[in-house]
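Per-entry structural report
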Amino acid sequence: MSASRPLPNPDPLTRPYWEGAKARRLVLPRCDACDQWHFYPRSVCPHCGSDAIAWHDASGKGVIYSVTHVHRAPSPAFEAMVPYAVAIVALDEGPHLMSAVIGSEIAQVKIDAPVTVDFVDEGDITLPVFRLASAAKI
Ligand code: ZN
């Protein structure tokens, strides 16, 4: 018996992020008052406190800031995925985002490696994931 993988549950604050992913776009909040990006989504800007926040397309590019190679599933829901790499990606826009890095042997997924966003459908939701830029789909 396989358990189902836990998936995000979009709420009003995060819905633009998930709707963007569904459309194969990485969208992030950016403050109109100070012009800085942030992630995770918040109702006020963490840089200046303004609530003038709008969603914009991000480049989908960044580098791996930190990575964990998972060899032992944390729950039965992840057993079919091991081994896999979970990384904190430092996006070119500045924010850091945690996601899976797919499409490469996990030994190739290393700190400072350039990555590009891709998207994976999981039921009703689309998850932003990353691929090594050297292995990105053409
Ligand atoms: Zn701001």
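Residues numbered from 1 in each chain as written. Predicted model: local features only at pLDDT ≥ 70, side-chain atom pairs only at ≥ 80, totals over all residues. Heavy atoms only, no water.

The helix and strand inventory of the protein stands at 1 helix and 7 strands. The order of α-helices and β-strands along the protein, N terminus first, is α-β-β-β-β-β-β-β. Whereas a compact globule of 138 residues would reach a radius of gyration of roughly 14 Å, the protein reaches 16 Å, a difference of no more than 12%. For the protein, the spread of C-alpha atoms along the principal axes amounts to about 45 × 35 × 25 Å. Per-residue burial for the protein yields a buried fraction of 35% across its 138 residues. (Helix = DSSP H or I, 4+ residues; strand = E, 2+ residues; numbered from the N terminus. Rg over C-alpha atoms; globule rule 2.2 N^0.38 Å. Buried < 20%, exposed > 50% of the residue type's maximum accessible area, 1.4 Å probe, protein only.)

Another point: the pattern of salt bridges. One pass over the structure, following the stated rule, counts 5 salt bridges. The partner of Asp-57 in a salt bridge is Arg-25, with the nearest N and O atoms 2.8 Å apart. Taken together, the residues Asp-57 in strand β2 (residues 53-57) and Arg-25 in the loop between α1 (15-22) and β1 (27-31) connect sequence positions 32 residues apart. The partly exposed category is assigned to Arg-25, whose relative accessible area is 39%. Between Asp-35 and Arg-30 there is a salt bridge whose closest N-O contact spans 3.6 Å. Residue Asp-35 is classed as exposed on the basis of its relative accessible area, which comes to 52%. (Salt bridge = Lys/Arg side-chain N within 4 Å of Asp/Glu carboxyl O.)

For the rest of this paragraph, the subject is the coordination of the zinc ion. The zinc ion binds to the protein through Cys-31 (SG), Cys-34 (SG), Cys-45 (SG) and Cys-48 (SG), with metal-donor distances spanning 2.3 to 2.4 Å. Considering all 4 donor atoms around the zinc ion, angles at the metal cover 105 to 117° and the coordination shape is tetrahedral. Within one chain, the residues donating to the zinc ion are spaced in sequence as C-x2-C-x10-C-x2-C. In this pair, Cys-31 sits in strand β1 while Cys-45 sits in the loop between β1 and β2, placing the two residues 14 residues apart along the sequence. For Cys-31, a relative accessible area of 0% gives the class buried. (Donors = N, O, S within 2.8 Å, 3.2 Å for Na, K, Ca; no water. Tetrahedral: all angles 85-135°; square planar, octahedral: opposite > 155°, others 65-115°.)

This part covers the pairing of strand β7 (residues 125-132). The element β7 is extensively covered by neighbouring structure, given that 8 of its 8 residues are classed as buried. Two strands pair when backbone bridges link them, and strand β6 (residues 114-122) and β7 are joined in this way by 8 bridges, in the antiparallel orientation. Bridge pairing in β7 places Val-115 opposite Leu-132. Between β6 and β7, which pair antiparallel one after the other, the connecting turn spans 2 residues, and Gly-123 there sits at a positive phi close to 65°. (Pairing = 2+ DSSP bridges.)

Moving on: the nonpolar core. Ile-64 and Val-101 are the most contacted members of the largest nonpolar core, which totals 23 residues. Those elements that provide at least two residues to this core are α1, β4 (84-91), β5 (96-101), β6 and β7. In contact with Val-101, not counting residues within four places along its chain, are Ile-64, Ala-85, Ala-87, Val-109, Phe-130, Arg-131 and Leu-132. (Core = buried A, V, L, I, M, F, W, Y, C linked by side-chain atoms within 4.5 Å. Contact = heavy atoms within 4.5 Å.)

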